[in-house]
Amino acid sequence: MSNSETQLLISGMHCAACVRRVEKALGKVEGVNFASVNLADQTAFVEGNANPQVMIQAVEKIGFGAEMLESEEERRTKQQAQTKAILNHKKWQFTLALIVGFSLMVVGMFIGMMVTERNHLTWFALAFVSLATMYFSGKDFFIGAWKSLQNQAANMDTLVAVSTGVAWLYSFGLLLFPQEFAHVYFEASVMILGFINLGKFLELKAKQRSSLALEKLLDLAPKQAVIFEEGIAKTIPVKGIKPEMLVQALTGDRLAVDGVLTEGVIWVDESMLTGEALPVEKKVGDKVHAGTLIQDGSGIYKAEQVGSQTALARVINAVRHAQSSKPPLAHLVDKIASIFVPIVVTIALIAALIWLALGKDFAFALSVFTTVLIIACPCALGLAIPLSTIAGVARAAEMGVLVKNIDALQASSEIDTLVFDKTGTLTTGEMTVTQFTALQGNENELLGLAKSLEQQASHPIAKAIVRFAEQAESLEISNINVVKGLGIAGEWNGQMVKMGNLAFLGFDERSISSLNLQVHNGSTQIYLSVNNQLAAIFTLADELRSESKAVIAKFQAEGYQCYMLTGDRKSTADYFAKELGLNGVIADVLPEQKAEKIQQLQQQGKIVAMVGDGINDAPALAQAHVGIVMHSGSDIAIETADLSLLRAGLEPIADILPFSKRVLRNMKQSLTGAFFYNVIAIPVAAGVLYPFTGTLLNPMIAAIAMTMSSITVVLNSQRLLR
């Protein structure tokens, strides 16, 4: 079986400790190379060649549910169904618990919260009412705690089950062995479960917004399409479309798959893929992409990439993969989670014993014990990183940047040096003829010769000359010989014609020195000769992108050092560097040397991002701390890069670098908030303020505080979506 990636939908996870247990269980399965579990969206990405059923069994063995996901559409359907079921479940659980809890509190106000002969039977009946309520509204916590105990682990379920269970058992003990001035906690046991379930309900509702950006991408793909078989139109599900099928394209439709237009003319809104706001005209032979909207026209296109191979599907898959990745900060959280619950239980026990030793009664110590366990639930710690990751990666995709993994986004926040390839990155990558000089003969005839010769080549310079001379009449040329990297030669009317650089034509610089051509250093000259006589000169230039100068100036104003790294000759590179005001130029570099130049900058202590688009940039993209590939980049460059631009131009880079700092700052804010919440809340719950204020935190208030800490983390992560 080949190495592959499997996606699982997990159920029953509540905190960072749960995540760690699932990851460890999956990691132990034979054939698993890597497993990453996301608490926020309850999914696991697993790499390796393990049997999916064995992985599912491993997860179920430690007390959680798992099922395999075959596609993004299936994930979405099952995840939405799971979320809806959990929301409904939590809704009636918290409703039941809070109604019964408040009712018990009201009854207690009338009959007294301490057991007496007068109310003994009433409390005995209410004890079983509260027990039944705890079963229906809190059995998930107790079952989870029991399964954790069986696996010699502890998590949030443990804290909730122990605190509420001990409170109920103590209260029931008072019914069996009444004590003077002893307070029962039946209402507290129930209301704590009510508040925790209410918190989970609100948390889940808030988390739904974090995945809206990805859901919008999924909504772009239509569910059905019209195909033509033997001239007959049929409506079929999109997943039934196969390569080579002919598909109908009508105004208002979204294209179902990637393909090539074979009939008609359509105007397509491709903003979801390229960021281009204006509709793009598509004629016969042009590529079309799934999810793009036909604003005008009609036609037929032939399917090429279908299902998971479409550009839209690849973007969605990349976003999902990145959302499940973990930054270095997450590993710290995992370590804390593994010891958090045992430490909290220990603190709760020690605090209770200290108060007993100081002369307080058992009820006081029990209240302290319960409050510490409840207030310290590790939900906020477990949610801080994955929620910021989901929101950050989704927002980056909306900004036109595809993030391969969250490590890249964190590394981007630390960049201080940007290194740009020239051709196709800082420049348009499209050569254009800026000057044509006819030295002898008929100008139209010379253009026809140039066009006829260069039509035999595929180099960007050849294409530029053919475009320039497209109005000229093509001439019949024989014995054509293309010499790669130098030029092209042939015979026309018995005359030898050549086109290329001076050396190929047999001339030197002195041959053209008397012509006084006005050219800049960033240009390239191509020469045409007829019977070894210089006949014409084409001057071509690769123009700077319209936004390059402004974007470079913005980077430098923000403190980044900007360099150019190119294989072009130094005079050309220096010309463009001067135009842009770059901090440095590294020219005349072979592709295999580019990575070495990046390494040299890194050895100087610089944190480097490399921006490129070609195969020759791939080694440098891999060497840099962060590799960024342009929208027009080659497949190899895209595979190597950490960030891929989804639309043309440099503006997305100018947006993503400051945004990456926001993402890291957001993570740190949530983690710091969760950490200090526990640092402050646990001592307060343990009663450190009691000697000074005479008040003790109520377990129900602790449940509300714990809920608010989790909701605060959720809301903080959603600020990234604005």
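Residues numbered from 1 in each chain as written. Predicted model: local features only at pLDDT ≥ 70, side-chain atom pairs only at ≥ 80, totals over all residues. Heavy atoms only, no water.

> Help me understand the packing of aromatic side chains, please; the structure alone is not making it clear to me.
In this description, an aromatic ring pair is defined by two values, namely the gap between the centres and the angle between the planes. All chains considered together, the criterion is met by 20 aromatic pairs. Between Trp168 and Phe186 the ring centres are 6.0 Å apart and the planes differ by 65°, which places this aromatic pair in the edge-to-face class. Of this pair, Trp168 sits in helix 5 (residues 156–176) while Phe186 sits in helix 6 (residues 186–207); the two residues are 18 residues apart in sequence, bridging distant segments of the chain. Grouping residues by exposure puts Trp168 and Phe186 together as buried. Centre to centre, the rings of Tyr170 and Tyr185 are 6.3 Å apart; their planes meet at 45°, and the pair counts as tilted. Remark: Tyr185 occurs in the loop between helix 5 and helix 6 and Tyr170 occurs in helix 5; sequence separation between them is 15 residues. Accessibility assignment for this pair places Tyr170 and Tyr185 in one class, buried. In this structure an aromatic cluster arises from ring pairing among Trp123, Phe124, Phe128, Trp168, Phe172 and Phe186. Directly above the ring of Phe364 sits Lys360, whose terminal nitrogen or CZ lies 5.1 Å from the centroid. (Phe/Tyr/Trp six-rings, centres within 6.5 Å; stacked < 30°, edge-to-face > 60°. Helix = DSSP H or I, 4+ residues; strand = E, 2+ residues; numbered from the N terminus. Buried < 20%, exposed > 50% of the residue type's maximum accessible area, 1.4 Å probe, protein only. Lys NZ or Arg CZ within 6 Å of the ring centre and 35° of its normal.)

> Help me understand the packing of helix 19 (residues 548–557) against helix 24 (residues 651–686), please; the structure alone is not making it clear to me.
Each pair of packed helices can be summarised by the angle the axes make with each other and by the distance between the axes. Contact geometry for helix 19 and helix 24: axes closest at 9 Å, N-to-C directions at 20°. Judged by the inter-axis angle, helix 19 sits roughly parallel to helix 24. Crossing of helix 19 against helix 24: the hand is left-handed. Where helix 19 approaches helix 24, its residues Val551, Lys554 and Phe555 are matched on the opposing element by Glu651, Ile653, Ala654 and Leu657. Here the residues of the contact of helix 19 with helix 24 are counted per class, giving five nonpolar, no polar and two charged. (Axes fitted to C-alpha atoms, helices over the stretch in contact; angles between N-to-C directions. Parallel < 35°, antiparallel > 145°, perpendicular 65-115°, else oblique. Left-handed = near helix turned anticlockwise from the far one by under 90°. Contact = heavy atoms within 4.5 Å. Nonpolar A, V, L, I, M, F, W, Y, C, P; charged D, E, K, R; others polar.)

> Can you walk me through a nonpolar patch on the surface in this structure?
A contiguous nonpolar surface patch, about 400 Å² in accessible area, is contributed by Phe675, Phe676, Val679 and Ile680. If you trace the backbone, Phe675 turns up in helix 24. Exposure remark for Phe675: the relative accessible area of 46% places this residue in the partly exposed category. (Patch = residues over 30% accessible without salt bridge, like charges linked within 9 Å, V, L, I, M, F, W, Y side chains within 5 Å. Areas by Shrake-Rupley, 256 points an atom, 1.4 Å probe, with all protein chains shown as cover. Salt bridge = Lys/Arg side-chain N within 4 Å of Asp/Glu carboxyl O.)

> Just checking my understanding: could you explain the UniProt feature "transmembrane region" (unreviewed entry) in the chain for this structure?
This chain's UniProt record puts "transmembrane region" (unreviewed entry) on residues 94–115, 121–138, 159–177, 183–202, 336–358, 364–385, 671–690 and 696–715. A distance of 27 Å separates the end C-alpha atoms of residues 94–115, which is 82% helix and 0% strand. The distance separating the terminal C-alpha atoms of residues 121–138 is 25 Å; by composition the span is 100% helix and 0% strand. (UniProt positions renumbered as here; feature names shortened; annotations may be inferred.)

> Looking at this structure, how should I read the sheet that holds strand 3 (residues 43–48)?
Sheet strands pair via backbone hydrogen bonds, and the direction of the pair is either parallel or antiparallel. Overall, antiparallel pairing links the four strands, which are arranged 2-3-1-4 in an open sheet. Edge strands, defined here as strands with exactly one partner in the open sheet, are strand 2 (32–38) and strand 4 (65–69). On average, each strand axis in the sheet is tilted by 25° relative to the strand beside it, whichever way the strands run. As judged from the five bridges shared by strand 1 (residues 4–11) and strand 4, these two strands associate in the antiparallel manner. Looking at the pairing, Gln7 lines up with Leu69 of strand 4. Its contacts with the sheet place helix 1 (residues 16–27) against strand 1, strand 2 and strand 3, and it is angled at close to 160° to strand 2. Its contacts with the sheet put helix 2 (residues 52–61) on strand 1, strand 2, strand 3 and strand 4, and the angle it makes with strand 4 is roughly 160°. (Pairing = 2+ DSSP bridges.)

> Honestly, unusual backbone geometry in this entry has me stumped. Any pointers?
Note: most peptide bonds trans; most residues except glycine with negative phi. Its identity as a non-glycine residue notwithstanding, Asn479 has a phi of 50°, on the positive side. Following the sequence through the fold, Asn479 ends up in strand 15 (residues 478–483). Among the residues examined, Asn479 registers a relative accessible area of 55% and is labelled exposed. Positive phi, close to 50°, is recorded for Asn493, a residue that is not glycine.

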